[in-house]
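The residues making up each chain are set out below.
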Amino acid sequence: MIPKRIIQIYKNHNLPMIYKIGQEIIREKNDDYEYIFYTKRLMTTFIEMNYPQYIELYNSLLNCNKNTLFILLELYKNGGIYLDNDVILHKKMDELLDNDCCIMPLSNNKTIDNYCICTNKDNKFIFYMIFQISIRYNSNTDFITNKHIYDFYTTYKNENKNDIKVICGENNHCFGNFLYNIKINS
């Protein structure tokens, strides 16, 4: 079961106004969910405390890849829902919570986006992605892309169909009927 918890991240607490509005909508629509907001400093502390074996890898990555690795590690440990700051939530995600798997958005251009990740704790697909990232890392600090995540998915799903589901939306940045990723660059 996916826990009723939502996490979001940003470099600090000085969010652009549009992100603050999105944050308020999320908290208002999901008032019975635990809401956790991580800053860059809190993300580093979390990894140091819970995954010291990954801190060197984490510190060597570019920020976008640091964020992806952190999100995967946090969700693997605790489960829940990760939402980018530039999403507009239409309704609660309660109907997804009964699943015991990882749910991610599949775009029609054969990539899996990571603006929304819903997962149970200790999910095997999340662990698989963390493992693949850790063994594939070299001096390329910008290597975790939506295409890589799609490749992980296609390789993994052939043997483990129950650990991951994808939601396809009509548009590239739509997560079913739940939310829309507005792709605003602050």
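Residue positions are counted from 1 within each chain, in the order its sequence is given. The model is predicted, so local features are restricted to residues of pLDDT at least 70 and side-chain atom pairs to those at 80 or more, both for listing and for counting; the totals for chains, interfaces and linings are taken over all residues. To get the side-chain values, all heavy atoms of the structure are used, and hydrogens and water are removed first.

Chemist: Can you lay out the packing of aromatic side chains for me, pointing to particular residues and giving the numbers?
Modeler: In this scheme Phe, Tyr and Trp rings, the latter by its six-membered ring, pair at centre separations within 6.5 Å, and the angle between planes marks the pair as stacked below 30 degrees, edge-to-face above 60, and tilted otherwise. One pass over the full model with this rule turns up 10 aromatic pairs. Relative to Tyr-54, the ring of Tyr-51 has its centre 6.1 Å away and its plane inclined at 55°; by these criteria the two rings are tilted. Exposure categories follow from relative accessible area, calculated using a 1.4 Å probe and restricted to protein chains: below 20% of the type maximum is buried, above 50% is exposed, and the middle band is partly exposed. Judged by its relative accessible area of 10%, Tyr-51 is buried. Given the relative accessible area of 13%, Tyr-54 is considered buried.

Chemist: I'd love a proper account of the pairing of strand β5 (residues 102-106), names of residues and values included.
Modeler: A run of DSSP states H or I qualifies as a helix once it reaches four residues; a run of E qualifies as a strand once it reaches two. Both are numbered from the N-terminal end. Of all 5 residues that make up β5, 5 are buried, and the element is covered over most of its length. What makes two strands pair is DSSP finding at least two bridges between them. Here β5 runs beside strand β6 (residues 116-119); their pairing, made up of 2 bridges, is antiparallel. When the sheet's bridge partners are listed, Cys-102 is paired in β6 with Thr-119.

Chemist: Would you mind going over the pairing of β6 in detail, with residue names and values included?
Modeler: Residues of β6 alternate between two faces, with Cys-116 and Cys-118 on one and Ile-117 and Thr-119 on the opposite face, all of them buried. Taken together, the 4 bridges between strand β3 (residues 80-83) and β6 define a ladder with antiparallel strand orientation. Among the inter-strand pairings, Tyr-82 is bridged to a residue of β6, identified as Ile-117.

Chemist: Can you break down the pattern of salt bridges residue by residue, with the values?
Modeler: Salt-bridge detection follows one rule: a side-chain nitrogen of Lys or Arg within 4 Å of a carboxyl oxygen of Asp or Glu. Enumeration according to the criterion identifies 6 salt bridges in this entry. Here Glu-34 and Arg-5 are joined by a salt bridge, their closest N and O atoms 3.7 Å apart. One end of the pair, Glu-34, is in strand β2 (residues 34-38); the other, Arg-5, is in strand β1 (residues 5-9), and 29 residues separate them in sequence. On the accessibility criterion, Glu-34 (45% relative accessible area) is partly exposed. Note that Asp-94 is salt-bridged to Lys-92, the shortest N-O span being 3.8 Å. For Asp-94, a relative accessible area of 30% puts it in the partly exposed group. Residue Lys-92 is classed as partly exposed on the basis of its relative accessible area of 27%. Overlapping salt bridges, with partners in common, bring together Lys-4, Asp-32, Lys-92 and Asp-94 in one network.

Chemist: Could you give me a rundown of the packing of helix α4 (residues 63-78) against helix α5 (residues 124-136), with the residues and numbers involved?
Modeler: For every element, the axis is a line fit to its C-alpha atoms; helices are fit only across the contacting stretch, and the angle between N-to-C directions ranges from 0 to 180 degrees. Orientation of α4 relative to α5, taken along the N-to-C sense of each, is 140°, at an axis distance of 9 Å. Overall, the two elements α4 and α5 adopt an arrangement that is oblique. As α4 packs across α5, the resulting crossing turns out to be left-handed. Of the residues in α5, those in contact with Leu-69, Leu-72, Leu-73 and Tyr-76 of α4 are Ile-126, Phe-127, Met-129, Ile-130 and Ile-133. Classes in brief: Ala, Val, Leu, Ile, Met, Phe, Trp, Tyr, Cys and Pro nonpolar; Asp, Glu, Lys and Arg charged; the others, Gly included, polar. Considering only residue class, the contact of α4 with α5 consists of 9 nonpolar, no polar and no charged. We call two directions roughly parallel when the angle between them is under 35 degrees, roughly antiparallel when it is over 145, roughly perpendicular when it lies between 65 and 115, and oblique otherwise. Put simply, a crossing is left-handed when the front helix is turned counterclockwise from the back one by less than a right angle, and right-handed when it is turned clockwise. For this analysis, residues touch if any pair of their heavy atoms sits within 4.5 Å.

Chemist: Residue-level account of a nonpolar patch on the surface, with values.
Modeler: Only residues whose relative accessible area exceeds 30% and that form no salt bridge enter a patch; like-charged residues are grouped when within 9 Å of one another, and nonpolar side chains (Val, Leu, Ile, Met, Phe, Trp, Tyr) when within 5 Å. Each accessible area value is a Shrake-Rupley result obtained with a 1.4 Å probe; residue values ignore everything except the protein chains displayed when judging cover. Among the surface-exposed residues, Phe-127, Phe-131 and Ile-135 lie close enough to one another that they form a single nonpolar patch of about 290 Å² accessible area. Tracing the chain through its elements places Phe-131 in helix α5. You can call Phe-131 partly exposed: its relative accessible area is 39%.

Chemist: Explain α4 to me, and be specific about the residues and the numbers.
Modeler: A helix is expected to reach a length of 1.5 Å times the quantity of its residues less one. Here α4 spans 22 Å end to end across 16 residues, near enough to the 22 Å set by a 1.5 Å rise per residue. Three or more residues of α4 are buried, namely Asn-65, Lys-66, Thr-68, Leu-69, Phe-70, Ile-71, Leu-72, Leu-73, Glu-74, Leu-75 and Tyr-76. At the exit of α4 stands Gly-79, carrying a positive phi of roughly 70°.

Chemist: An account of the environment of Tyr-76 is needed here, citing residue identities and associated values.
Modeler: With respect to the secondary-structure elements, Tyr-76 resides in helix α4. Each C-alpha atom, one on Tyr-76 and one on Asn-120, is 7.7 Å from the other, the two residues being 44 residues apart in sequence.

Chemist: Tell me about the nonpolar core, residues and numbers included.
Modeler: Nonpolar core, defined: a set of buried Ala, Val, Leu, Ile, Met, Phe, Trp, Tyr and Cys residues in which side-chain atoms within 4.5 Å join the residues together. Within the largest apolar cluster, 39 residues are counted, with the highest numbers of intra-cluster contacts made by Ile-47, Phe-70, Ile-117 and Phe-125. For this core, the secondary-structure elements that each account for two or more residues are β1, β2, α2 (40-50), α3 (55-60), α4, β5, α5 and α6 (146-157). Ranked by residue count, the leading element in this core is α4, at 7 residues. If sequence neighbours within four positions are ignored, Phe-125 has contacts with Cys-102, Met-104, Phe-152, Tyr-153, Tyr-156, Asp-163 and Ile-164. Of all hydrophobic cores here, the second largest spans 22 residues; its members include Tyr-33, Phe-37, Leu-97 and Tyr-115.

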